[in-house]
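Report on the structure
Chain by chain, the residues run as shown.
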There are 4 protein chains.
Amino acid sequence: MEKFRFLTSGESHGKCLTAIIEGLPANLEIDVDFINSELKKRQGGYGRGGRMKIESDTVEILSGVRFGKTIGSPITLMIKNKDFENWQKIMSTNPEDETDEKAFTTCRPGHADYAGSIKYHQKDLRNILERSSARQTAAEVAVGAVAKLFLKQFGIEWSSKILQIGSGKTEEEFHTEIDNAKAEGNSLGGKIEVTYKNLPIGLGSYVHWDRRLDGRLAQAVMSIPAVKTVAIGNHHAYKMKGSEYHDEMFLENGKIVHKTNNAGGLEGGMTNGEDLVISATMKPIPTMQKPLHTIDLATMEETEAHFERSDTCAVEACAVVAEARVAWVLANEMLLKFGGDAMREEP
Amino acid sequence: MEKFRFLTSGESHGKCLTAIIEGLPANLEIDVDFINSELKKRQGGYGRGGRMKIESDTVEILSGVRFGKTIGSPITLMIKNKDFENWQKIMSTNPEDETDEKAFTTCRPGHADYAGSIKYHQKDLRNILERSSARQTAAEVAVGAVAKLFLKQFGIEWSSKILQIGSGKTEEEFHTEIDNAKAEGNSLGGKIEVTYKNLPIGLGSYVHWDRRLDGRLAQAVMSIPAVKTVAIGNHHAYKMKGSEYHDEMFLENGKIVHKTNNAGGLEGGMTNGEDLVISATMKPIPTMQKPLHTIDLATMEETEAHFERSDTCAVEACAVVAEARVAWVLANEMLLKFGGDAMREEP
Amino acid sequence: MEKFRFLTSGESHGKCLTAIIEGLPANLEIDVDFINSELKKRQGGYGRGGRMKIESDTVEILSGVRFGKTIGSPITLMIKNKDFENWQKIMSTNPEDETDEKAFTTCRPGHADYAGSIKYHQKDLRNILERSSARQTAAEVAVGAVAKLFLKQFGIEWSSKILQIGSGKTEEEFHTEIDNAKAEGNSLGGKIEVTYKNLPIGLGSYVHWDRRLDGRLAQAVMSIPAVKTVAIGNHHAYKMKGSEYHDEMFLENGKIVHKTNNAGGLEGGMTNGEDLVISATMKPIPTMQKPLHTIDLATMEETEAHFERSDTCAVEACAVVAEARVAWVLANEMLLKFGGDAMREEP
Amino acid sequence: MEKFRFLTSGESHGKCLTAIIEGLPANLEIDVDFINSELKKRQGGYGRGGRMKIESDTVEILSGVRFGKTIGSPITLMIKNKDFENWQKIMSTNPEDETDEKAFTTCRPGHADYAGSIKYHQKDLRNILERSSARQTAAEVAVGAVAKLFLKQFGIEWSSKILQIGSGKTEEEFHTEIDNAKAEGNSLGGKIEVTYKNLPIGLGSYVHWDRRLDGRLAQAVMSIPAVKTVAIGNHHAYKMKGSEYHDEMFLENGKIVHKTNNAGGLEGGMTNGEDLVISATMKPIPTMQKPLHTIDLATMEETEAHFERSDTCAVEACAVVAEARVAWVLANEMLLKFGGDAMREEP
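On a predicted model such as this, the values are computed, not experimentally measured, just so you know.

1. Description of the overall build of chain A
When you go through chain A residue by residue, the secondary structure sums to nine helices and 16 strands. Computed over the C-alpha atoms, the radius of gyration of chain A is 22 Å, within 12% of the 20 Å expected from 2.2 N^0.38 for a compact globule of 347 residues. Burial analysis of chain A (347 residues in total) assigns 68% to the buried set. Counted over contacts in chain A with a minimum sequence separation of 6, partners at least 24 positions apart contribute 71%. In chain A, 42 side chains carry a positive charge and 50 a negative one; their mean positions are 2 Å apart.

Structure (structure tokens):
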């Protein structure tokens, strides 16, 4: 059912991350600097650890674009892992390079390690953690940046913000919370909000459950690593009475308007002309210097999980990823609604 | 990507609701009484209005089942709308029956009416509201009941409960809240929680965003009419520190266990052996006796939206629908993981 | 990736055939008489057996249409099996009705019986043959008729013809061939051709293998029961030289034209402005009065497969089904290309 | 509905071809030499032109494989275009490199040029031909090689052969035909056949049209560039009588066997235990030295299409691509049937 479709690939310490996007119209201008600025945003934020200094992600376009514009064929985006040179042997595809170096058998709670090792029959947890790492979101942000370039052509705008980190609710508190958590080797989560403006009325539909935009957005945002809740509009909806919550309609200069937006821009699973507002909460990062009690799968003995290097908080990155993912969903909906093989004007 | 797939259809006052399910294995016992008991649960709950007394839903199986067992071919479920006899002319498919009776031009805030009328170019809002009505969830619950019958064969169990209605947090308070809201012609939302037990480890995957079970569940639950938030596991995750939140692992009689389940049974987008716990909040029902300010699309004048008949609160029904939808997702995941064209033992 | 999607269901002697179609725009006029005339065509043709006299298929629309027009919600089509009254016990969904009457253990060569019994673990081959019967194509023709009504709005036209039956190549020879085959209890196949006219240029695409229209059409036509080959355009392509085969381009009154259409209207997997021409061959019907050597799965002994009632030739029906299936594919492509939630003009 | 899914990308003279494969189990051994030998086969065959000497395709694995085995995460395959160094400016993604060099406005009959230019609003036909080139099949063959490595684990075997080139039916005649065509600047098509052995009974299904294996195979093979017909089993089916065509069943040492295989291993859209035999015909290559009459879209004048470099015949390559595509379909069906996240034995 997707018009805008893509696959991403790549391990955290592998050679590169790759994405192939298929289904975008021809003649869309692709601004590489914009994609790179999105990648940079994902890497930023107070509370990030050492990895972010090693990698400074930039995208290379390998197909689908000529002289700055899409030509209708699939677009390939590649982000090299700059750290790969130090991991060539350990992450080698070659059977002759097989080694136990950097092998890993202690399950880290909160990660994919345990379930992944059972699902995929892996003894070396590195074979799980390399892909389950949040690094895969770099490719996703690049895909989202391309989707945003498409949406921008229709006047659609977006923004995101951090609503909470730990128990802090202002930027100043965010920093204090993070500093304190870092000092004790701990980690923090938080809450973010994404807004998209100027969407046409009637994206999504109530006619079948899987056409509803609320559901599609929820899938896209909930499947961000570490996200545990997703909300559309006012979080307090469930505690409000109908008379308080619902967005009444008025005429203003002959135009229909809502004066409130508790619904977050979605009624009946469709955009209703108001800003689309979606928020999410993120659990604290599971990679911590403070050790967690766990099991070593090789020895089947209890032990502690501990790690050299880690972020304390990645809530800002989460907002960037959420923006990107919402862009995927909206790009697909725009294409389903309006069709189109090429951008209307040939520049 | 779906193995378990289905379509539902039907208008609220049309002849019937129908669902076709495709992809279930042969030799699965289909207990019609169980499906009907699920339908009955959906209709129950304190605070429901008059419609629930008119319809007492029962399913008729039109295909795919012989002598009580699936045969591999698509299963058709039909739920007749008992009220249809009073609506035959108004809901006729025949162009010669065209009438303005029961036509509807006043947008009800919180409903699909406004966006739907624009999206589908409809002047008579009945053409929107008939399908956007929550009545379509009856067919969905029937589909979910079939999915549950499949899951049950693997020892999987489920339950759901109401966590909050308005500001009430106990059953006694639920009733008081509802009585008060009803008295003032108002409506209420609330919060529900669904639990599935005995799931195998490793349903879902972290390898690609759309394989993650958290996202798939979020889509299924968020797209329930009136649901506005979805959460996996402990709602307070975002305020907790990593050392408080993460579910540490221990050995108990040689078996790996978590002593807590803040993660709600999902790590890395996969089941981890603990109970799957998903919760959702529902906005207050938008159909209220207390009128809301709105627009009449025929006259383009401001007016009030008011309605004869309505529920005050449908949170209990929401829990039933959420259980059903989680069953869809899990049935599909079980089929992807284990394959299989027929239930292992022919009874 | 489908915009126009549907599921069909129903066993040959069950209560009914059903289809749910999702994704068509609102305000499309649905002419029930047209659907019924298509169903009638499927049942006709020289060489059909007794069943065609028992059933005279008519469709009932159960949802998605109001006052003769679609409203955007899923469309349910039902075709009752008139013969069902004689099969109520034998095809009962109720476990208490279980019976061996009409049970069936002798595999009919050329049918799904043998592979189906193994795949779905069935001892009674009736559980296979009821769905694998070509009767399921009645629902498919109904779906195709709805797709045609959509295509017609764009001025698209269609036709089909029989090119060969057995070794007969003219209508007169068709009848002689069929009469002779019938006399000896034998069966015949043949070759048919479907043409669609006035398609816009650029349906389908070369950018990814699964966007190509030739492949999508081939799937739709090859999966008609008994079809064994599918061809686009001139069947002799493979024996021709490039200079003979390729459709050269000319200007005629300033318009680009091809003077030949060996390509069958598709170049690069896309419509090129010429008539779309797709042909198919059908194997002889496998249900014959002349017995075939086979196995009884209950006794695991060699035996003969023989049958009371049968068509001698169903090539005309095949043409009708092929027309319908091409309509599905084209309707989806038109929706992908042009988008649209509602037909442009509200009548 | 796909378990085995992938996207390919890349232009003919761009930097590289890329494919991402998602959905294969972990612990599958990936033999890079085998993939390269498949790529080499695709490039071979009597009658190929100069390009095949420039490129000697080899694959680089960028993700999803560690120490020679899959780890469950998406697999990225890259094939560099060795010729790219000469095309860097012409195929640049950078808007500043925009140039008319190698621009192209004369539609080549038999190619995507004309329809593509209209669909994607392109004036420079290079933007069409770069992706519509058959070079994209190199990535497809690499994907097919990975699918074959999976199938091989189940004892499945494959082969293909050329049945006809032009009017030649033996290898000696093939060469004569090609030599003659080449001498006159002409091109040839032909007919190929692919066989897969040792498939389990019951891949595919009759229960819904899009589950049928015949249709899925037909899509995969018909969408090979230049293929115009696809056939399952005996091509003469349509001319045969039922008593001659159908594969009767016998017992041999207690095992059910067919003594003939006119059905090509598929009955009821499912594998029936016999060899799967699928054949296809290919039109003559449309790029020819002998010019075809056509239109220059820039001047809208009639002209001739002619080309420097070309193959005379690519039927052998077609067989290799067809083998690969059948492998895709079968890999997906095996995964749907048997499920599985990891190969059963960890070697």
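2. Things to note about the relation of the copies chain B and chain A
Look at the two chain copies: a rotation about an axis and a shift along it is all it takes to match them. Superposing chain B onto chain A requires a rotation of 180 degrees together with a translation of 0.0 Å along the rotation axis, leaving an RMSD of 0.0 Å. On this basis, the relationship between the two copies can be described by a two-fold rotation axis. For chain B, the smallest separation between a C-alpha atom and the rotation axis is recorded for Gln 219 of chain B, amounting to 2.3 Å. Of all interface residues in chain B, 100% are interface residues in chain A too; the two copies therefore contact each other through one and the same surface.

3. What to know about the sheet that holds strand E6 (residues 75-80) of chain D
Residue and element names in this part refer to chain D. The antiparallel open sheet is built from four strands, whose spatial order is E1-E2-E6-E3. The strands lining the two open edges of the sheet, one partner per strand, are strand E1 (5-9) and strand E3 (59-63). Each neighbouring strand pair of the sheet contributes to a mean axis angle of 20 degrees, computed without reference to strand direction. Of the pairings in the sheet, the one linking E3 to E6 comprises four bridges and is antiparallel in character.

4. Here's the deal with the pattern of salt bridges
Evaluation of the coordinates by the stated rule reveals 96 salt bridges over all chains. In this structure, the salt-bridge partner of Lys 15 of chain B is Glu 60 of chain C, at a minimum N-O distance of 2.4 Å. Placement of Lys 15 of chain B in the loop between strand E1 (5-9) and strand E2 (16-22) and of Glu 60 of chain C in strand E3 (residues 59-63) is noted, with the two residues assigned to different chains. We classify Lys 15 of chain B as partly exposed; its relative accessible area is 31%.

5. Re the relation of the copies chain D and chain B
Turning chain D through 180 degrees and shifting it by 0.0 Å along the axis lays it on chain B, with an RMSD of 0.0 Å. Same-surface contact between copies: 100% of interface residues of chain D are shared with the interface of chain B.

6. Digging into helix H7 (residues 213-222) of chain B
For H7 of chain B, the buried fraction is high: 10 of the 10 residues fall into the buried class. Every buried residue belonging to H7 of chain B is among Leu 213, Asp 214, Gly 215, Arg 216, Leu 217, Ala 218, Gln 219, Ala 220, Val 221 and Met 222 of chain B, and all of these are buried.

7. A closer look at the interface of chain D and chain B
Across the contact, 20 residues belong to chain D and 20 residues belong to chain B. For the pairing of chain D and chain B, the buried interface totals around 1,600 Å² over both sides, and the portion due to carbon and sulfur atoms is 41%. Seen at the junction of chain D and chain B, the total is six salt bridges. One salt bridge connects Asp 341 of chain D with Lys 337 of chain B, and the closest N-O pair in it is separated by 2.5 Å. Our count for the contact surface shared by chain D and chain B stands at 13 residue pairs in polar contact (both at pLDDT 80 or more). Counting residues per element, the side of chain D that touches chain B draws most heavily on helix H9 (residues 315-338) of chain D, which supplies three residues. In terms of residue class, the side of chain D that touches chain B is built from five nonpolar, seven polar and eight charged.

8. Let's talk about the sheet that holds strand E7 (residues 157-165) of chain C
The antiparallel open sheet is built from eight strands, whose spatial order is E7(C)-E8(C)-E14(C)-E9(C)-E9(D)-E14(D)-E8(D)-E7(D). Because the sheet does not close on itself, it has two edges, and the strands there are E7 of chain C together with strand E7 (157-165) of chain D. The sheet shows a mean angle of 15 degrees between the axes of neighbouring strands, taken without regard to direction. Here strand E8 (residues 190-197) of chain D runs beside strand E14 (residues 276-282) of chain D; their pairing, made up of seven bridges, is antiparallel. Paired with Val 194 of chain D across the two strands is Ile 278 of chain D, which belongs to E14 of chain D. The sheet contacts of helix H7 (residues 213-222) of chain C involve strand E9 (227-232) and strand E14 (276-282) of chain C together with strand E9 (227-232) of chain D, and relative to E9 of chain C the element is tilted by about 155 degrees. With respect to the sheet, H9 of chain D is in contact with E7, E8, E9 and E14 of chain D, its orientation differing from that of E8 of chain D by roughly 35 degrees.

9. A look at the interface of chain B and chain A
Taken together, the 97 residues of chain B in the interface contact 97 residues of chain A. Summing both partners gives a buried area of about 8,000 Å² for chain B against chain A, and 63% of it is carried by carbon and sulfur. For the interface between chain B and chain A, the tally reads two salt bridges. A salt bridge links Glu 184 of chain B to Lys 241 of chain A; its shortest N-O distance comes to 3.3 Å. The interface formed by chain B and chain A holds 39 residue pairs in polar contact (both at pLDDT 80 or more) in total. With seven residues, the top contributor of residues to the side of chain B that touches chain A is H7 of chain B. Residue composition of the side of chain B that touches chain A, by class: 44 nonpolar, 32 polar and 21 charged. In terms of strand pairing, strand E9 (residues 227-232) of chain A meets strand E9 (residues 227-232) of chain B through three bridges, oriented antiparallel. If you follow Thr 229 of chain A over to E9 of chain B, its bridge partner there is Ala 231 of chain B.

What counts and what doesn't
Residues numbered from 1 in each chain as written. Chains lettered and ligands numbered in written order. Predicted model: local features only at pLDDT ≥ 70, side-chain atom pairs only at ≥ 80, totals over all residues. Heavy atoms only, no water. Helix = DSSP H or I, 4+ residues; strand = E, 2+ residues; numbered from the N terminus. Rg over C-alpha atoms; globule rule 2.2 N^0.38 Å. Buried < 20%, exposed > 50% of the residue type's maximum accessible area, 1.4 Å probe, protein only. Contact = heavy atoms within 4.5 Å. Lys, Arg positive; Asp, Glu negative; His and termini not counted. Charge placed at Lys NZ, Arg CZ, Asp CG, Glu CD. Least-squares fit on C-alpha atoms with pLDDT ≥ 70 in both. Pairing = 2+ DSSP bridges. Axes fitted to C-alpha atoms, helices over the stretch in contact; angles between N-to-C directions. Salt bridge = Lys/Arg side-chain N within 4 Å of Asp/Glu carboxyl O. Buried area = accessible area lost by both parts, 1.4 Å probe. Polar contact = N/O pair within 3.5 Å; in protein donor to acceptor, adjacent residues only side chain to side chain. Nonpolar A, V, L, I, M, F, W, Y, C, P; charged D, E, K, R; others polar.

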